[in-house]
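# Descriptive structure summary
The primary structure of each chain is shown beneath.
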Amino acid sequence: MKIYIPTSDNSNHILPVFSYLLDKYWEGHPPVCFLGFSEPSYQLSSGFSFTSLAPTQEGGINEWTTYLNNFFSSINDEHFIFACDDHFIARQVDVDLYDALLKECTAPKVGRIDLTPSIQLTKEREGSTSLYKEEQGHKIIILSQSSPPGKFIYKITGQWSIWNRKYFLQNMRKHWSPAQWEMIGGKMAENDGYEVLGTADKWCIKKTEGLSGAQFPGKINVDNLTPEDIKHIKTNNLYSPKMHLKYVNHDPEFDIKVFGETPKVNEL
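Residues numbered from 1 in each chain as written. Predicted model: local features only at pLDDT ≥ 70, side-chain atom pairs only at ≥ 80, totals over all residues. Heavy atoms only, no water.

This part is about helix α2 (residues 64-72). Within α2, 8 of the 9 residues are buried, leaving the element largely enclosed by the surrounding structure. Every buried residue of α2 is accounted for by Trp 64, Thr 65, Thr 66, Tyr 67, Leu 68, Asn 69, Phe 71 and Phe 72. If you follow the buried residues of α2, they end up packed against β1 (3-6), β2 (32-36), β3 (48-52), β4 (79-82), α5 (165-171) and α6 (178-188). (Buried < 20%, exposed > 50% of the residue type's maximum accessible area, 1.4 Å probe, protein only. Helix = DSSP H or I, 4+ residues; strand = E, 2+ residues; numbered from the N terminus. Contact = heavy atoms within 4.5 Å.)

Here it is, written out as structure tokens:
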């Protein structure tokens with residue numbers, strides 16, 4: 001099974017950080033293919049490759065799904081892992097749990113298996129999950145088919161997930177931005193009969209989001225990365241010289257529950 005990570009000319013400067021953290025916290029990880037446009041100006045490490053979707057990204061962010069639909073329509077993978085380029089893995093991957101979840105992905109109506117805490121802990125999903133099964137001591141949960149009144153369950157999302165390719169393409173309609181994919185696509189996916197699974201109380205991947213033009217423009221967020229990793233990123237110049245590193249404590253209750261206490265760093 002491969003890992004596919006979409007990127008762009010505006011964000012591919014963070015791929016060395018992404019790669020460093022993935023290599024560190026998921027030893028022997030599946031091969032990673034970055035999907036972008038211009039070839040990166042730096043050498044990718046072993047286990048990582050780059051595929052250009054087009055010489056330039058015509059239509060900007062509003063055609064994000066068009067390029068991905070074209071690419072995933074051209075491959076034969078029945079299942080794959082998909083995540084965003086700034087979803088930095090921040091702690092050790094639970095490989096035993098990952099192996100247990102792989103056994104569930106071949107069920108005919110399992111469309112997506114979320115590898116992060118979001119199925120259980122996202123407030124919008126409170127009351128929208130139930131126990132699917134227990135496997136080797138792991139609690140696997142299932143997301144409701146539809147959103148309860150006043151909430152939105154985000155059945156479709158860019159969180160680290162194992163995807164059924166057929167289901168992925170069914171929801172990756174052309175001419176959408178990432179937000180439209182999650183919001184419009186997520187609404188259209190409700191009550192479609194496909195199941196979204198996740199886990200309770202422990203998770204394969206604990207990640208932090210490295211980019212936000214609105215929340216910390218021009219900076220790489222290192223929220224909940226360890227001091228050791230922050231030092232490595234800085235001293236090895238793994239980020240663009242035009243960018244700054246910044247710690248943003250966006251949701252301390254969620255962070256402490258998932259990561260535990262992390263030393264606070266204002267700016268580096």
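It is worth spelling out the packing of aromatic side chains at this point. In the structure shown here, the tally under the stated rule is 23 aromatic pairs. When the ring of Phe 18 is compared with that of Phe 34, the centres are 5.7 Å apart and the planes differ by 70°; the resulting orientation is edge-to-face. Taken together, the residues span a long stretch of sequence, with Phe 18 in helix α1 (residues 15-25) and Phe 34 in strand β2 at a distance of 16 residues. Accessibility expressed as a relative area gives 0% for Phe 34, which makes it buried. Among the aromatic side chains, those forming a connected cluster through ring pairs are Tyr 4, Trp 64, Phe 71, Phe 72, Phe 80, Phe 82, Trp 163, Tyr 167, Phe 168, Trp 181 and Tyr 194. Cation over ring: Lys 109 sits above Tyr 194, and NZ or CZ is 4.2 Å from the ring centre. (Phe/Tyr/Trp six-rings, centres within 6.5 Å; stacked < 30°, edge-to-face > 60°. Lys NZ or Arg CZ within 6 Å of the ring centre and 35° of its normal.)

It is worth spelling out the state of the cysteines at this point. Summed over all chains, the structure comprises 0 disulfides. Cys 33 takes part in no disulfide bond, and the closest cysteine sulfur, belonging to Cys 84, lies 15 Å away. Cys 105 supplies the cysteine sulfur nearest to Cys 204, a cysteine that is in no disulfide, at a spacing of 12 Å. Residue class for Cys 204 comes out buried when judged on its relative accessible area of 2%. (Disulfide = S-S within 2.5 Å.)

For any two helices packed against each other, the geometry is given by the interaxial angle and the distance between the axes. One way to put it is that α1 packs onto helix α7 (residues 227-235) with a least axis distance of 11 Å and a crossing angle of 140°. The orientation of α1 with respect to α7, classified from their angle, is oblique. In terms of crossing hand, the pair formed by α1 and α7 is right-handed. Contact residues: α1 offers Val 17, Tyr 20, Leu 21, Lys 24 and Tyr 25, while α7 offers Glu 228, Asp 229, His 232 and Ile 233. Here the residues of the contact of α1 with α7 are counted per class, giving 5 nonpolar, 1 polar and 3 charged. (Axes fitted to C-alpha atoms, helices over the stretch in contact; angles between N-to-C directions. Parallel < 35°, antiparallel > 145°, perpendicular 65-115°, else oblique. Left-handed = near helix turned anticlockwise from the far one by under 90°. Nonpolar A, V, L, I, M, F, W, Y, C, P; charged D, E, K, R; others polar.)

By the secondary structure assignment, Ser 118 is in helix α4 (residues 118-121). Owing to a relative accessible area of 6%, Ser 118 belongs among the buried residues under this scheme. Once the C-alpha coordinates of Ser 118 and Met 243 are considered, the two residues, 125 residues apart in sequence, prove to be 28 Å apart. Residues within four places of Ser 118 in sequence aside, it is in contact with Arg 125 and Gln 159.

So, about the side chain of Ser 128. Tracing the backbone shows Ser 128 in the loop between α4 and β7 (129-135). Owing to a relative accessible area of 1%, Ser 128 belongs among the buried residues under this scheme. Ignoring sequence-local partners within four residues, the contact set of Ser 128 consists of Ile 142, Leu 143, Ser 144, Pro 148 and Ile 153.

What follows is about the pairing of β1. Because side chains alternate across β1, one face comprises the buried residues Ile 3 and Ile 5, and the other comprises Tyr 4 and Pro 6, equally buried. Bridge analysis of β1 against β2 gives 4 bridges, and the strand direction is parallel. Within β2, the position partnered with Ile 5 by the bridge is Phe 34. Crossover β1 to β2 through α1 is right-handed. Pairing analysis gives 2 bridges linking β1 to β4, with the strands arranged parallel. By the bridge assignment for β4, Ile 3 is matched with Ile 81. (Pairing = 2+ DSSP bridges. Right-handed = clockwise from strand over helix to strand, strands pointing away.)

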